[in-house]
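So the chains spell out like this:
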Amino acid sequence: MKKLFSFLLVSGIWFSAWAQENLEYQKPPKEILDLVDYERPPSVSMDSKKEYMLFSYRDTYKTLEDLNQEELRLGGLRINPVTNISSSVTYLNNLKVRKVKDTQEIQVKGLPQNPKITYLSWSPDETKISFTHTAAGGVELWILDLATATARKIGTGYLNGNMGNPVSWYRDSKNLLVKYLPAKRKALIDTRVSLPTGPIVSTAEGKASQNRTYQDLLKNPADEANFETLITSEIYKVDLTGKKTPFLPAGLYTDESFSPDGNYVMISVLGKPFSYVVPYNRFPSKSIVYDKNGKQVKVVNDEPLNEVLPKGFMAVKAGKRNMNWRADEPATLVYVEALDGGDPAKKVDYRDEVFTWKAPFSQPAVSLVKTQQRYSGILWGNEKLAILNDQWYDTRSTRRFVFDPSSKAEPRLISDRNSQDIYSNPGSFETIRNPYGRYVLAIENGKSFLVGPGHTKEGQFPFIDELDWSTLKTNRLYQSSYTDKLEDIQSIQDFKTGEVLVMIQSATDYPNYFLRNIKTKTEPVQITHFKNPFESISKLQKEVIRYKRKDGVDLSGTLYLPANYDKTKKEKLPLLIWAYPQEFVDKNSAGQTALNPNQFTFPSYGSFVFWATKGYAVLNDAAFPIVGENGKEPNDTFVEQLVANAEAAIKAVDDLGYIDTKRVAVGGHSYGAFMTANLLTHSKLFAAGIARSGAYNRTLTPFGFQREQRNYWDVPGVYNTMSPFMNAEKMKTPILLVHGEADNNPGTFTLQTERYFQALKGLGAPARMVILPKESHGYAAKENILHLLWEQDQFLEKYLKK
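Rules used throughout
Starting afresh in each chain, residues are numbered from 1 along the sequence in its written order. With the structure being a predicted model, the display of local features is reserved for residues of pLDDT at least 70 and the display and counting of side-chain atom pairs for 80 or more, all residues being used for whole-chain, interface and lining totals. The side-chain numbers reported here are obtained from all heavy atoms of the structure, hydrogens and water having been left aside. Secondary structure counts use DSSP, requiring at least four H or I residues in a row for a helix and at least two E residues in a row for a strand, with both numbered from the N terminus. The globule rule used here is 2.2 Å times the number of residues to the 0.38 power, and the radius of gyration it is set against is calculated over C-alpha atoms. To sort residues, take the accessible area from a 1.4 Å probe on protein chains only and compare it with the maximum for the residue type: under 20% means buried, over 50% means exposed, and anything in between is partly exposed. Each accessible area is a Shrake-Rupley result for a 1.4 Å probe, and residues are judged covered by the shown protein chains and nothing else. Under the counting rule used here, the positive set is Lys and Arg, the negative set is Asp and Glu, and His together with the chain ends is not counted. Charged groups are reduced to one reference atom each: NZ for lysine, CZ for arginine, CG for aspartic acid, CD for glutamic acid. Throughout this description, a polar contact denotes any pair of N or O atoms lying within 3.5 Å of each other; where both atoms belong to protein, one of them has to be capable of donating a hydrogen while the other can accept it, and for residues adjacent in sequence the pair is counted only when both atoms sit in side chains. Note on contacts: a residue pair qualifies if any of its non-hydrogen atoms lie within 4.5 Å across the two residues. Any two strands with at least two DSSP bridges between them are considered paired. A helix's residues, less one, multiplied by 1.5 Å, set its expected span. We define a salt bridge as a side-chain nitrogen of Lys or Arg found within 4 Å of a carboxyl oxygen belonging to Asp or Glu. Here, the term right-handed applies to a crossover whose path from the first strand over the helix to the second runs clockwise when the strands point away from the viewer. To define axes, lines are fitted to C-alpha atoms, for helices over the stretch in contact only, and angles between the resulting N-to-C directions are given on a 0 to 180 degree scale. Each angle receives one of four descriptions, namely roughly parallel if under 35 degrees, roughly antiparallel if over 145, roughly perpendicular if within 65 to 115, and oblique otherwise. Asp, Glu, Lys and Arg are counted as charged, while Ala, Val, Leu, Ile, Met, Phe, Trp, Tyr, Cys and Pro are counted as nonpolar; the rest, among them Gly, fall into the polar class. Remark: nonpolar core denotes a set of buried residues (Ala, Val, Leu, Ile, Met, Phe, Trp, Tyr, Cys) joined through side-chain atoms within 4.5 Å.

A. Layout of the overall build of the protein chain. The secondary structure content of the protein chain amounts to nine helices and 49 strands. Taking 2.2 N^0.38 as the reference for a compact globule, 802 residues should give roughly 28 Å; the C-alpha atoms of the protein chain span a radius of gyration of 28 Å, in line with that estimate. Overall, the protein chain is about 75 × 75 × 60 Å in size when its C-alpha atoms are taken along their principal axes. Classification of the 802 residues of the protein chain by burial places 57% in the buried group. Accessible surface, the protein chain as shown: approximately 35000 Å² in total, 50% of it carbon and sulfur. Between the mean site of the 100 positive side-chain charges and the mean site of the 91 negative ones, the protein chain shows a separation of 1 Å.

Listed below in structure tokens is the structure:
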């Protein structure tokens, strides 16, 4: 078990003469603190008929005490062994309900004291919502009745939430399938004091495999035993009075899924041997179908341990995969098998084959369709019409077909595009809830409907298209015409009357829901009224600027200027650039932008926007594409393209006359931190940089990272050139390195920042390192976030203003 108590912020050498500072938590200046310390508006969910709205409230931030809990890190999971739920879960603390047609929310009565609510799930008839509450001793089952706005606890005993939501509704909405902690549970092994009974031995059997550098894996037999103890559940059928009926005895259950008609349930259970090199979702497992009373019907899948996969992002395991229930039939399973053995390097006519298998599975599965690229899903419509998707990462190809599931006719191609070409996005098909309570393709009089984001060179104009299945031609029913607002189309409420649910926002108007009628074309009716919690920055100057890289690639970024900045006098400001690199296979898609100046300005610790209130110019979400065309890999020229992107961004803002080019800083998180360190190492464009939770030594991620599919031994030169750690002797620019003490992201171990800082310090580079206690890859505790902003402010003031 891990319960850590270190609260030291380890720092570099210029704020103090000493190597470390015993520094207490600090807060940023008032301009920033006023923006950070706000009350988060609630989240909203609605039933399919849009009759009821559920408002879910939570604290804006967690606290350090929230993070300072008992924790076991096993099999890729982080678990609180006292309460038996993920240690990283974010809890809700209040619920309110409202009928859509009403104007006032109703406080839910009967909630537990000090609610810690999660795993909300609407009942099939949409009259109730199940949720869990984490009490001091464990996870409890609760039910909310929407009509009375009343919540109550159901049954006794604690649930096992270690593998996610432990509750599934029966189709009758009167019973639930629930995973409970076993009545007789083994005690956990305290690995801090227990002595091993032998060495740890792993073997390689001569098969090549490219596994990523996963975090939180099993390490020894004690971990295996504790993992098994924590995952083991007993499954019960529970009615709304709390009566429990045994369904299945203790087992390592992971997933439960009812058939659409509710007569069957597929349950997955882990097997052995466990692995020390891959997380639990690649352990051996069986998928078993039971009837609704718990009688076994069929073992439908038996998967061995999967430690070996071929190279490439399109690599998949051999055998059955993606097994789930067909949404438009009572009880039919659908699954996929690779025809290339899962190896994308093999040359084959078809990559995948899709099968259907009707319960009770007394007959063999039936081949449904084959895909030339890797299968990426089916949207079911009815017995005669469904949408098939396939994709191929290397080319960014994504294709959409229509086919008849009842015949052997070849699928008809609907669209074939580059997935990164956002200007050609045809939209997503609108779905409706069928009699089984599953979402299927909406079909009205031989037509379906596409809702698209509407990105264009001229701006963003979301749309609704009608697709005629007889001709495969589209007709535009509606397109947003706002140039001073952003309208997101959420769903079509009524196909006949033309009522549509939309969300409308602007740079200063918080996103709210509206009902719009696209036939009568009347003004939309507002149904939520959330206020802007950031009024103090409503007068910031904001625009999307577009510019070109020296090789002609179009770039963009959102530029913020102080509210009182006079563009005619053009005082020279320091500039902050926040960015994140992205790989492309063509310059056209690399040059497209989804930025919208009308998107609500929501400042967060994840950007530099706060500093526009302190006299800085901020270029947020600056485009940093890394392009590989004509068979070349993007990362072959990673550093050169990074520097070219930065040069173009600085020049674009300088050409406007707003900045002092000698006072520019760059920052980023994760891969953005990796970018930052490389830019400071390989260019003289910046006065300083802030790198948070990055990876700096690519030999520690030897089997690929980010979008790189080649391993270190394929291209050692690429890995070494891209690694700031390998080029640390070139670093001369001040850098602030920040990392969470408990980073859980593959590849970005906290060790990456610690070792990079040691290299920089040893080589005489100006560097400061801050390790945030208890934090994972993203930061959550208010104390840490406020201190982070203070650190950044002190750093920027020192190197860009003083």
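So that's the structure; there's more coming.
B. How the structure looks around the side chain of Lys-128. Mapped onto the elements, Lys-128 comes out in strand β9 (residues 128-134). In this structure Lys-128 comes out as buried when scored by relative accessible area, which is 12%. A polar contact of 2.9 Å, which involves the side chain of Lys-128, links it to the side chain of Thr-127. Residue contacts for Lys-128: discarding those within four places in its chain leaves Ser-121, Trp-122, Ser-123, Ile-143, Leu-144, Asp-145, Leu-146, Trp-169, Ser-173 and Leu-240.

C. Layout of the sheet that holds strand β36 (residues 486-494). Reading across the sheet, the four strands line up as β36-β37-β38-β39 and stay open at both edges, with antiparallel pairing between neighbours. Two strands in the sheet have a free side with no partner beyond their single neighbour: β36 and β39 (525-526). When strand β38 (residues 512-517) meets β39, the two strands line up antiparallel, connected through two bridges. Opposite Leu-515, over in β39, you have Val-525 as the bridge partner.

D. Examining helix α9 (residues 782-801) more closely. The first and last C-alpha atoms of α9 sit 27 Å apart over 20 residues, in line with the 28 Å expected at 1.5 Å per residue. Taking burial as the measure, the 20 residues of α9 include 14 buried ones, the bulk of the element.

E. Broad picture of the pattern of salt bridges. Throughout the structure, instances matching the rule amount to 37 salt bridges. One salt bridge in this structure joins Lys-128 and Asp-125, with 3.8 Å as the shortest N-O distance. Several salt bridges converge on common partners, so that one network encompasses Arg-321, Asp-340, Arg-351, Asp-352 and Arg-374.

F. Up close: the side chain of Lys-62. Counting through the fold element by element, Lys-62 comes out in the loop between β2 (52-57) and α2 (64-67). We note that Lys-62 is buried and unpaired, the nearest opposite charge coming from Asp-66 at a distance of 6.9 Å.

G. Focus on the pairing of strand β18 (residues 285-291). With five of seven residues buried, β18 is to be regarded as a mostly interior element. In the sheet, strand β17 (residues 264-270) pairs with β18 via seven bridges, with the strands oriented antiparallel. Paired with Val-269 across the strands is Lys-286, a residue of β18. Looking at chain direction, β18 and strand β19 (residues 296-303) are connected through six bridges and run antiparallel. Among the inter-strand pairings, Ser-287 is bridged to a residue of β19, identified as Asn-301. Following β18, the chain reverses through four residues before pairing antiparallel with β19; Gly-294 in that reversal takes a positive phi of roughly 100 degrees.

H. Seen up close, the pairing of strand β47 (residues 688-692). The buried count for β47 comes to five of five residues, which makes it a mostly enclosed element. Alternating positions in β47 separate into two faces, Ala-688, Ile-690 and Arg-692 on one and Gly-689 and Ala-691 on the other, with burial throughout. Inspection of the sheet shows strand β46 (residues 659-669) paired to β47 by five bridges, in the parallel sense. If you follow Ala-665 over to β47, its bridge partner there is Ala-688. For the crossover from β46 across helix α6 (residues 671-682) to β47, the handedness is right-handed. The pairing of β47 with strand β48 (residues 735-740) spans four bridges and is parallel. Each bridged residue has a counterpart across the sheet, and for Gly-689 the counterpart in β48 is Ile-735. Handedness of the β47-helix α7 (residues 716-722)-β48 crossover: right-handed.

I. A look at the packing of helix α5 (residues 638-655) against α6. Viewed as axis vectors pointing N to C, α5 and α6 meet at an angle of 85 degrees, and their least axial separation amounts to 10 Å. In this view, α5 runs roughly perpendicular relative to α6, as classed from their interaxial angle. Facing α5, whose interface residues are Phe-638, Val-639, Leu-642, Val-643 and Ala-646, α6 presents Tyr-671, Phe-674, Met-675, Asn-678, Leu-679 and His-682. Considered class by class, the residues forming the contact of α5 with α6 number nine nonpolar, two polar and no charged.

J. Here's a closer look at the nonpolar core. Residues Ile-577, Leu-619 and Ile-735 are the most contacted members of the largest nonpolar core, which totals 62 residues. With 10 residues, α5 is the single largest residue contributor to this core. The residues touching Ile-577, leaving out its near neighbours within four places in the chain, are Phe-608, Leu-619, Ala-622, Phe-624, Ala-649, Ile-650, Val-664, Ala-665, Val-666, Gly-667 and Phe-686. In terms of nonpolar packing, the next biggest core, distinct from the first, is built from 49 residues, Trp-578, Val-618, Leu-736 and Leu-789 among them.

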